[in-house]
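Structural overview
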Amino acid sequence: MNIDSIKNGIVIDHITAGKGMEIHRLLGLGNLDCMVALITSANSEKMGRKDIIKIDAPIELDTDVLGYVDPGVTVSIIRDGETVEKKKMTLPDELEGVVRCRNPRCITSTEQELTHIFKLVNPAKREYRCIYCETKV
Amino acid sequence: MINKYGIPSLLSILDLSVQEIDELVSTAEHIIANPKSYAQRCKGKKLATLFFEPSTRTRLSFEAAMYELGGNVIGFSEANSSSAAKGESVADTAKTISCYADIIAMRHPKEGAPMVAAMNATIPVINAGDGGHNHPTQTLADLLTIKLEKGRFDHLVIGVCGDLKFGRTVHSLIDAMSRYEGVSFVLISPEELKVPDYVRNAMKEKNIPFVETTDLEGAMPTLDILYMTRVQRERFFNEEDYLRLKDSYILTADKLDNAKQNLSVLHPLPRVNEISVAIDDDPRACYFKQVLNGKYMRMALILKLLGV
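Residues numbered from 1 in each chain as written. Chains lettered and ligands numbered in written order. Predicted model: local features only at pLDDT ≥ 70, side-chain atom pairs only at ≥ 80, totals over all residues. Heavy atoms only, no water.

A separate point is the overall build of chain A. The secondary structure content of chain A amounts to 2 helices and 8 strands. Its C-alpha atoms give chain A principal-axis dimensions of about 50 × 30 × 25 Å. Relative to its full complement of 137 residues, chain A shows a buried share of 45%. For chain A, the accessible area works out to roughly 8,000 Å², and carbon and sulfur atoms hold 45% of it. Charged side chains in chain A number 19 positive and 21 negative. The centres of these two groups are separated by 7 Å. (Helix = DSSP H or I, 4+ residues; strand = E, 2+ residues; numbered from the N terminus. Buried < 20%, exposed > 50% of the residue type's maximum accessible area, 1.4 Å probe, protein only. Areas by Shrake-Rupley, 256 points an atom, 1.4 Å probe, with all protein chains shown as cover. Lys, Arg positive; Asp, Glu negative; His and termini not counted. Charge placed at Lys NZ, Arg CZ, Asp CG, Glu CD.)

What follows is the structure, encoded as structure tokens:
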């Protein structure tokens, strides 16, 4: 199966197989008015199987989302058909508006205007806690 | 915590370093010895007590503390008598109260509400209890009591008994006392009310010695301090669970028979029936001294946060 190369846009590669849909949803890629290709279970020498997302427009990506959901991904910026930048993701120190606190006793459960913010408290365990009530993601 | 306006607040006992706690304890001891010299220190200052859920001890303790410093008090004692009943956000309440008062003491049933207030207020905010989360000024009262009763914070075996799951005072006490050398904990609770994972994991990561047990009498002879807690009806979503667990531990005089003679029994109060009133006259009962110590520590804290 062939997907055309993109001229100006972004390729999110080395997505852990099965996580492509979640990343597509969290980045809101379904709302873009450009072409977006989500390729699942592509062959990969390193990973066996992987997912890939190609976005046919130079949009601003929320790298916190990518770093949180799948820190091993590679983001390539494509300009005039050439890769001009490759970025590796890292675990973000803070997640703002990415995930919601599910503790019914948390202040965020009643104050709808509050942004849900989580802080990385244990990088080794990829553990994030709500800044308000300290509940784990 | 210091907010974007550079205003300090106290949200968790861990906001205070060991040195700052020592300073607060010293100030409180100085207040106890020289109350008159503090009688006008907050003259012209106002404390706002924003209590979104009922409290007797904590609210009156804050109010007594401010009056004894020569200051004044405004506020409300239940959410129904505030604009929260009209749907006002905590952030807006904090901004509004900042126009009227010099410092806020806030109790709220939702965890993290005082943090939201502290992020938005232009005056210091003291967390006077946020749900089952934190209650740092109770811990300050506990700490002063331990210091006055034991003369030290280190090398103590501390038993905490009762509701260790929702008991915010327990979590804060463990956080605070874990920072002193040679302190170990005996966590006594029914299976359903054991400490949350994050508290247990934090103790493991810091290599704090602790054991978990359901046997209060078995643990008794080893303890220097016994911190009793109430099973709190308001923390349960299910009344049946509350009724099943509420009488798990009742401290009676016979259970103290095999305790150390210099044991100190603490309780954040109010008690329901978990400590028999027969123990109140036992010299080991320290829970009413704890109430008084709470006022002194709140005085010391108000002075520190107001910088006066």
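Once the structure has been displayed, the description carries forward.
Okay, the pattern of salt bridges next. Taken as a whole, this structure holds 14 salt bridges over all chains when the rule is applied. A single salt-bridge network, built from bridges that share partners, covers Asp 197, Arg 200 and Glu 212 of chain B. (Salt bridge = Lys/Arg side-chain N within 4 Å of Asp/Glu carboxyl O.)

Time to look at the nonpolar core. Core analysis: the largest hydrophobic core is formed by 56 residues, its most contacted members being Ile 158, Met 177, Phe 185 and Ile 302 of chain B. The element best represented in this core is helix α10 (residues 287-306) of chain B, accounting for 9 residues. Beyond its immediate chain neighbours, meaning those up to four positions away, Ile 302 of chain B contacts Cys 42, Phe 62, Ala 65, Met 66, Leu 69, Ile 103 and Ile 126 of chain B. One finds Val 73, Phe 118, Cys 130 and Cys 133 of chain A within the second-largest nonpolar core, a separate group that totals 52 residues. (Core = buried A, V, L, I, M, F, W, Y, C linked by side-chain atoms within 4.5 Å. Contact = heavy atoms within 4.5 Å.)

Quick look at the packing of helix α5 (residues 136-150) of chain B against α10 of chain B now. Residues and elements named next belong to chain B. Where α5 contacts α10, the two axes come as close as 8 Å, and the packing angle between them is 115°. Taken as axis vectors, α5 and α10 run roughly perpendicular relative to one another. By crossing handedness, the relation of α5 to α10 is classed as right-handed. Every residue of α10 that contacts α5 at Thr 137, Gln 138, Leu 140, Ala 141, Asp 142, Leu 144, Thr 145, Leu 148 and Glu 149 is listed here: Lys 289, Gln 290, Asn 293, Gly 294, Tyr 296, Met 297, Arg 298 and Leu 301. Tallied by class, residues from the contact of α5 with α10 come to 7 nonpolar, 6 polar and 4 charged. (Axes fitted to C-alpha atoms, helices over the stretch in contact; angles between N-to-C directions. Parallel < 35°, antiparallel > 145°, perpendicular 65-115°, else oblique. Left-handed = near helix turned anticlockwise from the far one by under 90°. Nonpolar A, V, L, I, M, F, W, Y, C, P; charged D, E, K, R; others polar.)

So, on to the domain arrangement of chain B. Residues and elements named next belong to chain B. Split by domain assignment, chain B resolves into domain 1 (13-134 + 294-306) and domain 2 (137-291). Taking only C-alpha atoms into account, the centre of domain 1 sits 25 Å from that of domain 2. Each partner contributes residues to the interface: domain 1 has 30 residues there, and domain 2 has 24 residues. Summing both sides of the interface, domain 1 and domain 2 together bury roughly 2,200 Å²; the carbon and sulfur share of this comes to 60%. Summed over the shared surface of domain 1 and domain 2, the number is 0 salt bridges. On inspection of domain 1 and its partner domain 2, the count reaches 5 residue pairs in polar contact (both at pLDDT 80 or more). Elements that contribute at least two residues to the side of domain 1 that touches domain 2 include exactly α1 (18-33), α2 (57-68), β4 (125-130) and α10. Ranked by residue count, the leading element in the side of domain 1 that touches domain 2 is α1, at 8 residues. (Domains from an automatic or database assignment. Buried area = accessible area lost by both parts, 1.4 Å probe. Polar contact = N/O pair within 3.5 Å; in protein donor to acceptor, adjacent residues only side chain to side chain.)

A volume near 830 Å³ is recorded for the largest pocket. Contributions of two or more residues to the lining of the largest pocket are made by β7 (117-122) and β8 (127-130) of chain A together with α4 (113-120), β4, α6 (168-177) and α7 (197-205) of chain B. For the lining of the largest pocket, the element with the highest residue contribution is α7 of chain B, accounting for 5 residues. Of the residues contributing to the lining of the largest pocket, the split by class is 14 nonpolar, 8 polar and 10 charged. Taken as a whole, the second largest pocket encloses approximately 420 Å³ of empty space. Forming the boundary of the second largest pocket are 16 residues, of which Asn 103 and Thr 135 of chain A together with Lys 165, Pro 196 and Tyr 198 of chain B lie nearest the centre. Each residue belonging to the lining of the second largest pocket can be placed in one class, and the counts come to 4 nonpolar, 5 polar and 7 charged. (1 Å grid on protein atoms, 1.4 Å probe; cavity = no way out; pocket = protein on both sides within 12 Å on 5 of 7 lines; lining within 4 Å. Points joined across faces, edges and corners; volume = space filled by probe spheres on them.)

Next up on the list: a negative patch on the surface. Residues and elements named next belong to chain B. A contiguous patch of negative charge on the surface is contributed by Asp 215, Glu 217, Asp 254 and Asp 257. Relative to the helices and strands, Glu 217 is located in helix α8 (residues 216-219). Look at Glu 217 and you get partly exposed, because its relative accessible area is 43%. (Patch = residues over 30% accessible without salt bridge, like charges linked within 9 Å, V, L, I, M, F, W, Y side chains within 5 Å.)

With that settled, consider the domain arrangement of chain A. All names here are of chain A. As far as domains go, chain A holds domain 1 (9-88) and domain 2 (94-130). Distance from the C-alpha centre of domain 1 to the C-alpha centre of domain 2: 25 Å. At the junction of the two partners, domain 1 supplies 9 residues and domain 2 supplies 6 residues. Contact between domain 1 and domain 2 buries roughly 540 Å² in total, counting both sides, with carbon and sulfur atoms accounting for 64%. Remark: the boundary between domain 1 and domain 2 carries 0 salt bridges.

Attention now goes to empty space enclosed by the protein. Residue and element names in this part refer to chain B. One pass over the full model with this rule turns up 2 cavities of 30 Å³ or more. Looking at the largest cavity, its volume works out to about 70 Å³. Forming the walls of the largest cavity are Arg 57, Thr 58, Ser 61, Gln 138, Ala 141, His 267, Pro 268, Gln 290, Val 291, Gly 294 and Arg 298. Every element with two or more residues in the lining of the largest cavity is listed here: α2, α5 and α10. Per-element accounting of the lining of the largest cavity gives the leading share, 4 residues, to α10. Within the lining of the largest cavity, the residues separate by chemical class into 3 nonpolar, 6 polar and 2 charged. Three or more residues apiece are contributed to the lining of the largest cavity by two domains, here domain 1 (13-134 + 294-306) and domain 2 (137-291). Volume-wise, the second largest cavity comes out at about 50 Å³. Forming the walls of the second largest cavity are Gly 162, Thr 229, Arg 230, Val 231, Leu 245, Lys 246, Asp 247, Ser 248, Tyr 249 and Glu 274. For the lining of the second largest cavity, the per-class residue count stands at 3 nonpolar, 3 polar and 4 charged.

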